[in-house]
Amino acid sequence: MSTLRYEVGQRSGTVRRANLSTIARELHLRGPLSRSELVARTGLTRSAIRGLIGEFVAAGIVTEERSDPLGIPGRPSALVEPDPEGVVVLALAIAVDSLSVALVGFGGTVLDLIRADRHAERSSVDQVGEDLRELVAQLDGWSARHRRPIGVGVAVVGVVRRTDGLVSMAPNLGWRDVPLGEALARALDPGVPITIANEADLGALAELRRGVAIGGDDIVFISGEVGVGGGLIVDGKPLTGIAGYGGEVGHMPVNPDGAACRCGAIGCWETEIGEGTLLRLAGHPPDGGREGVDAVLREAEAGMPAAIAALEHVGRWLGIGLAGLVNVLDPRLIVLGGRFGRIYPYVVETVERELDRRALAAPRGLVRIVPSSLDIDASLLGAAELAFEPFLVDPANWLGSRTEIPGRASA
């Protein structure tokens, strides 16, 4: 927690904007807080909190109501609660086999969510944009609410340049140098910024803010359905590289004698722990998807040797790759999402054994491995957090002397 104080040459408007940001972030991430709790968490005075909360109330972004008495002298502190209808964002997720859209309100409340299969024959970026537009139009009350989002966040299974949403490579979608940002702007015409990032990076962000990693600072998030994605949080901040390409752990070279990867390289981690490898080794079609993985798990429970051997192979290579990440990053927590969260109970002993054999003793002793608590929704909720970030950084842009939020029509 940091408290902003006046310094020589610092303008009162700058202080106000920073303090509004501090309050907005606290309410968004922690939910309803009393004025007294906000004073304690921000270090601001009671009078400052009262005035700043008044601006949010006037804009319809938060509500205030008197708390129940606690049996102690004095009046109870007013409870400040984010209004999920006050500020909303649109979140989109483009996976290999599905498309998802959600309307998410201030405080992280999911107002509506739709997920649909992604059809392989509609694989061009323009076709994906059209399909997403149709899904958005089906969101509950999208038109009737008479409001529009303040931003659009997009998660995609590919290597993304965040400055303009160019997908430089998405092997499992068959995309290379695809201008996704431009295509979605044409398809959706939202009138607000569209921000695009890698789905695993956003899964890590969601777990940090809404999931099993709340309160963590150094996290490795590994997820995937068909492919393998990774999101890295170092010292509380995403590690994305200079252009947003960082974290592509699925394409770490781990086996010089391994198979060819869809990215064009040889022996990537994805070739050893990807969905296709698991299914093939278990005797299933490699494109069997989620249903195929579930079938392998059922077969393993029934004691079928091929399924058990396939899981052992994936668990071994999962542990090998995680050991390398532990040695390099020294994380506190490894979160396994998507397919890896589902198979982890079947491979936990194998993974732990490889970590014990290959990771340095000191960081190995500190790290924990846990399944994701957000599961398939992690990247979509991370996309919502990405879209909320400009508002959290400077909510004054949505306040000023107005009571209407930009992009929000009067009912």
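Residues numbered from 1 in each chain as written. Predicted model: local features only at pLDDT ≥ 70, side-chain atom pairs only at ≥ 80, totals over all residues. Heavy atoms only, no water.

Things to note about the pairing of strand β3 (residues 78-82)
Let me state the cut-off plainly: Working definition: with a 1.4 Å probe on protein chains only, accessible area under 20% of the residue-type maximum means buried, over 50% means exposed, and in between means partly exposed. Secondary structure follows DSSP: runs of H or I at least 4 residues long count as helices, runs of E at least 2 residues long count as strands, and numbering of each begins at the N terminus. For two strands to count as paired, DSSP must find a minimum of two bridges between them.
Here β3 shows one buried face, formed by Ala-78, Val-80 and Pro-82, and one open face, formed by Leu-79 and Glu-81. Pairing of strand β1 (residues 33-34) with β3, which is carried by two bridges, proceeds in the antiparallel orientation. Bridging from a neighbouring strand, Leu-33 pairs with Val-80 of β3. Alignment of strand β2 (residues 62-66) against β3, held across five bridges, turns out to be antiparallel. Directly across from Thr-63, in β3, lies its bridge partner Glu-81.

As for the environment of Glu-55
By the element assignment, Glu-55 lies in helix α3 (residues 46-58). With a relative accessible area of 22%, Glu-55 lands in the partly exposed category. Sequence separation of Glu-55 and Val-167 is 112 residues, and the distance between their C-alpha atoms is 39 Å.

Observations regarding the pattern of salt bridges
Quick note on the threshold: When a carboxyl oxygen of Asp or Glu is within 4 Å of a side-chain nitrogen of Lys or Arg, the pair counts as a salt bridge.
Counted by the stated rule, this structure contains 23 salt bridges. Residue Glu-354 pairs with Arg-357 through a salt bridge whose shortest N-O separation is 3.5 Å. With Glu-354 and Arg-357 both in helix α11 (residues 338-358) and three residues apart, this pair spans about one turn of that helix. Beyond isolated ion pairs, a larger network of salt bridges with shared partners links Arg-25, Arg-209, Arg-210, Glu-385 and Glu-389.

Brief notes about the sheet that holds strand β15 (residues 333-336)
Pairing is mixed across the open sheet formed by five strands, whose spatial order is β14-β13-β12-β15-β16. Here the strands that pair on one side only, and so sit at the sheet edges, are β14 (237-238) and β16 (368-371).

What about the sheet that holds strand β7 (residues 152-156)?
Heads up, the condition is: Axis angles are defined between N-to-C directions and span 0 to 180 degrees, where every axis is a line fitted to C-alpha atoms and, for a helix, only to the segment in contact.
Reading across from one edge, β6-β5-β4-β7-β11 is the order of the five strands in this open sheet, with mixed pairing throughout. Both edges of this open sheet fall to β6 (109-117) and β11 (194-198), since each of them pairs with a single strand only. In this sheet, neighbouring strand axes are inclined to one another by 15 degrees on average, regardless of whether the strands run parallel or antiparallel. When β7 meets β11, the two strands line up parallel, connected through five bridges. From the neighbouring strand, Val-154 faces β11, where its bridge partner is Ile-196.

Looking at the nonpolar core
One broad trend across soluble globular proteins is that nonpolar side chains are buried collectively. Note the following rule: For the purposes of this section, nonpolar cores are sets of buried Ala, Val, Leu, Ile, Met, Phe, Trp, Tyr and Cys residues that join through side-chain atoms within 4.5 Å.
Core analysis: the largest hydrophobic core is formed by 39 residues, its most contacted members being Leu-27, Ile-53, Phe-56, Ile-61, Phe-106 and Phe-391. Elements with a contribution of two residues or more to this core: α1 (12-30), α2 (35-42), α3, β4 (88-94), β5 (98-105), α6 (199-210) and α13 (378-393). Counting 36 residues, the second-largest nonpolar core is a separate cluster that includes Val-249, Ala-300, Ala-307 and Ala-310.

Quick look at the packing of helix α10 (residues 305-329) against α11
We apply this condition: By definition in this entry, angles of less than 35 degrees are roughly parallel, angles greater than 145 are roughly antiparallel, angles of 65 to 115 are roughly perpendicular, and the rest are oblique. Handedness of a crossing follows from how the near helix is turned relative to the far one, being left-handed for an anticlockwise turn of less than a right angle and right-handed for a clockwise one. For this analysis, residues touch if any pair of their heavy atoms sits within 4.5 Å.
Two elements in contact, α10 and α11, have axes separated by 7 Å at closest approach and are oriented at 55 degrees. Taken together, the axis directions place α10 and α11 in an arrangement best described as oblique. The two elements α10 and α11 meet at a crossing, and its hand is right-handed. Contact with α10, carried on its side by Leu-311, Glu-312, Val-314, Gly-315, Arg-316, Leu-318, Gly-319, Ile-320, Leu-322, Ala-323, Val-326 and Asn-327, involves Phe-340, Ile-343, Tyr-346, Val-347, Thr-350, Val-351, Arg-353, Glu-354, Leu-355 and Arg-358 of α11 and no other residues of that element.

Some remarks on the environment of Ala-24
By secondary structure assignment, the location of Ala-24 is in helix α1. Distance from Ala-24 to Met-252, taken between C-alpha atoms, is 38 Å for residues 228 residues apart in sequence. Other than its neighbours up to four places away in sequence, Ala-24 contacts Phe-56, Phe-106, Phe-391, Leu-392 and Pro-395.

Description of α11
Keep this limit in mind: The span you would expect from a helix comes to 1.5 Å times its residue count less one. Take the seven residues that end at a residue and the seven that start at it, fit an axis to each, and the angle between those axes is the bend at that residue.
Taking 1.5 Å as the rise per residue, α11 with 21 residues should run 30 Å; its terminal C-alpha atoms sit only 25 Å apart, a clear shortfall. Val-347 marks the point of greatest bend in α11, at about 80 degrees. Those residues of α11 not exposed but buried are Gly-338, Arg-339, Phe-340, Gly-341, Arg-342, Ile-343, Tyr-344, Val-347, Thr-350, Val-351, Glu-354 and Leu-355.

Notes on unusual backbone geometry
Positive phi, close to 55 degrees, is recorded for Asp-177, a residue that is not glycine. By the secondary structure assignment, Asp-177 is in strand β10 (residues 175-179). Phi is positive for Asp-375, which is not a glycine, with a value near 55 degrees. Along the chain, Asp-375 turns up in the loop between β16 and α13. For Asp-375, a relative accessible area of 35% translates into the label partly exposed.

Notes on the packing of α2 against α3
Describing two packed helices takes the angle between their axes plus the distance from one axis to the other. The geometry of α2 relative to α3 is characterised by a closest axis approach of 10 Å and an angle of 115 degrees between their N-to-C directions. When the interaxial angle is binned, α2 and α3 end up roughly perpendicular. Crossing of α2 over α3 shows right-handed handedness. Contacts between α2 and α3 involve Arg-35, Ser-36, Leu-38, Val-39 and Thr-42 from the first element and Arg-46, Ile-49, Arg-50 and Ile-53 from the second.

Some points on the packing of aromatic side chains
Each aromatic ring pair is specified by the distance between its two centres and by the angle formed by the two planes. Convention followed: Only Phe, Tyr and Trp rings are paired, with Trp represented by its six-membered ring, and only when their centres lie within 6.5 Å; those with planes under 30 degrees apart are stacked, over 60 edge-to-face, the remainder tilted.
All told, the structure shown has two aromatic pairs when counted by the stated rule. An angle of 80 degrees between the planes, with centres 5.5 Å apart, marks the rings of Phe-106 and Phe-391 as edge-to-face. Here Phe-106 is found in the loop between β5 and β6, whereas its partner Phe-391 is found in helix α13, with 285 residues between them in sequence. Residue Phe-391 is classed as buried on the basis of its relative accessible area, which comes to 0%.

Here's the deal with the side chain of Glu-354
Its relative accessible area of 2% is what places Glu-354 among the buried residues. Residues in contact with Glu-354, not counting those within four places in the same chain, are Arg-316, Gly-319, Ile-320, Ala-323 and Ala-359.

A few points about the confidence of the model for the chain
How we decide: Note: pLDDT gives the predictor's confidence per residue, expressed from 0 to 100.
In the predicted model, the chain carries a mean pLDDT of 88, and the fraction of residues at 70 or more is 90%. Mean pLDDT values for the elements of the chain range from 87 in β2 up to 97 in α10. With pLDDT under 50 throughout, residues 1-10 is counted as low confidence; its partners more than four residues away or in other chains account for 16 contacts. The low-confidence segment residues 401-411 (pLDDT under 50) makes 29 contacts with residues lying over four places distant or belonging to another chain.

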